[in-house]
Amino acid sequence: MPYSIQLKRLFSTGEKVAILSFKNIFPLETNTTTCTYCCSQHVSKRKYYKQTAFGIQKLTVRSIYNNPAQLQVSGKKEPEKTPQILHVAEREYFHDEWTNLSPKILDAVEKKLHLRNDHPISLMKEVIVQHFYKNYTRGGNPIFAVFDNLSPVVTPEQNFDQLLIPSDHVSRRKSDNYYINKSYMLRAHTSAHEHDLIKSGLNAFITVGDVYRRDTIDSTHFPVFHQLEGVRLFNAEQLFATSDDKTSLSLFEKGEKLHEKQACHTMEAAKLVEYNLKKSIESCMLELFGKDVQCRWIDAYFPFTHPSFELEIKYNGEWVEMLGCGILQQEILNKAGAQHHMAWAFGLGLERLAMKLFDIPDIRYFWSNDEAVLSQFRGLSDAKNIKFKPVTSKQPALYHDISFWVPKEFCVNDFYDLVRNISSDIVEQIAVMDKFTNPKTDRTSYCFRVFYRHTSRPLNKLEVSEVHSALKEAAVKYLDVDGRW
Ligand code: DAH
């Protein structure tokens, strides 16, 4: 989508301006354009159009006399001329002012680790799916349908609205999600498919897929990870199948909302669904972690379930959160045409589970192409007795600090995305060491400590300091920060 750009200084007719760099976007591009517009006193209203896959924020231009000047985006959208097309998951999308995908993320969309043979993520998926196939059957057939190849591109309606996430909820922010444009985004959780799959008439299903969130950088966070979601619906007959007095039991009543149930559910129905949910999940965890694993349930909150719970398991003496779940809000079922049913739902992160189960110390290993990593998961059919051996003996991390003054619109996830694009995964962690706003100037400065450590090979000081210098340069170029070095 073209933007109107106002010039900060006058240019003369036909003058050549070289656009040197685009701020806030990747990759660096250069472009030469000739000004063909009138250059009377109104010249400052002249318009330039330039599109890139990642939008336009600010352009630096230089006249042929090498006189630097700023072209600034006025923010006003022009009528569409030749729209910019983005290719994501085999489809084409227009880009707009919401677009914030980076090349790194576009790359990751292609990877589909959960479909790759001999990968720890697909192994986790397989073990859980087989558990549900084996233990939940009707007439000898599995009752859970499995969807592991749904496109990660969804609408904000699917990702938020259909799950009753309020329109002003913080989780919708551009700074926390990857938007393709205003109308499409990369799913932030596999719950985004619940409504559609229920609407299609399914009573029990599992969804597995890659999900995308803009987040901090450390050993357990990566902007792409994988979730497995389970949903099971019950009508009255199914839920009360083993009760003696079926005729007097009902799923619904006009009651009040309590800690244990939604207003429209009867207490006995809510308790039975909760029991079924917890037993289903516990039996899956026992299969994964062995029969001696200790589980505990914690009350939680999700906009799409009530009551809601988190499961923690004791691992190496520590309680670790494993998944979120609950009884699906009846409004979601009603809107999907399943008003005679109740349902439970759960969602778990496959990386988190695999890291615990296999002792994988850093989430970047899942993205490694190193044979020494991949060979450890080849030809396995179950998840038992696998202990991952880190590829190098752990070298100490090398770290460098970076401090800068930030523009008003800065968000830290922009910096983390930049690091991921520049540093090709040699950054293990980033810590915010200091954030300070000068009360006189109202300017904010950050200091980050960047820890460098590769998962498979030692790093040398020179390589690290080169990457760190490139990072500084890129921060100035793309994020419009004022370096303090
Ligand atoms: N979607 C949640 C998340 O990504 C996880 C989750 C919680 C899924 C509760 C569910 C659920 O289906 O019922 O954090």
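Just so we're clear, the structure is a prediction, and the values are computed from it rather than from any experiment. (Residues numbered from 1 in each chain as written. Predicted model: local features only at pLDDT ≥ 70, side-chain atom pairs only at ≥ 80, totals over all residues. Heavy atoms only, no water.)

Novice: Looking at this model, I keep getting lost on the overall build of the protein chain. Mind explaining?
Specialist: If you tally the helices and strands in the protein chain, you get 11 helices and 23 strands. Considering the protein chain as a whole, with its 485 residues, one finds that 48% of them fall into the buried category. In the protein chain, once contacts between residues fewer than 6 apart in sequence are set aside, the share between residues at least 24 apart is 66%. With the model as given, the accessible surface of the protein chain reaches about 23,100 Å², and the carbon-plus-sulfur share is 49%. (Helix = DSSP H or I, 4+ residues; strand = E, 2+ residues; numbered from the N terminus. Buried < 20%, exposed > 50% of the residue type's maximum accessible area, 1.4 Å probe, protein only. Contact = heavy atoms within 4.5 Å. Areas by Shrake-Rupley, 256 points an atom, 1.4 Å probe, with all protein chains shown as cover.)

Novice: When you look at helix α8 (residues 350–358) in this model, what are you seeing that I'm missing?
Specialist: Residues lying three or four places apart along an α-helix face the same way, a consequence of the helix completing one turn every 3.6 residues. Within α8, seven of the nine residues are buried, which leaves the element mostly enclosed by the surrounding structure. Buried residues of α8: Leu350, Glu351, Leu353, Ala354, Met355, Leu357 and Phe358, and no others. Along its buried surface, α8 packs onto α2 (120–135), β14 (204–212), β15 (224–234), α6 (267–289), β18 (318–328) and β19 (342–349). Of the residues one or two after α8, Asp359 is the one with positive phi, at around 60°.

Novice: Looking at this model, I keep getting lost on the site of the ligand. Mind explaining?
Specialist: The local shell around the ligand holds 15 residues, among which His189, Ser191, Arg213, Gln227 and Glu229 are the closest. A distance of 3.0 Å is found between a nitrogen atom of the ligand and a side-chain nitrogen or oxygen belonging to His189. Gln227 is positioned with one of its side-chain polar atoms (N or O) 2.9 Å from an oxygen atom of the ligand. A total of 360 Å² of accessible area belongs to the ligand in isolation, and the protein chains cover 89% of it. Counting residues per element, the ones that place at least two in the shell around the ligand are β15, β18 and β19. Residues belonging to the shell around the ligand are distributed by class as follows: five nonpolar, seven polar and three charged. (Near = heavy atom within 4 Å. Polar contact = N/O pair within 3.5 Å; in protein donor to acceptor, adjacent residues only side chain to side chain. Nonpolar A, V, L, I, M, F, W, Y, C, P; charged D, E, K, R; others polar.)

Novice: Can you walk me through the nonpolar core in this structure?
Specialist: Nonpolar side chains tend toward joint burial in soluble globular proteins. Counting residues in hydrophobic clusters, the biggest one holds 73 residues, and the most contacted among them are Val88, Leu186, Leu288, Phe289 and Phe358. Per element, the largest residue contribution to this core is nine residues, and it comes from α6. Once residues within four sequence positions are removed from consideration, Leu288 is found in contact with Met124, Val127, Ile128, Leu353 and Leu357. (Core = buried A, V, L, I, M, F, W, Y, C linked by side-chain atoms within 4.5 Å.)

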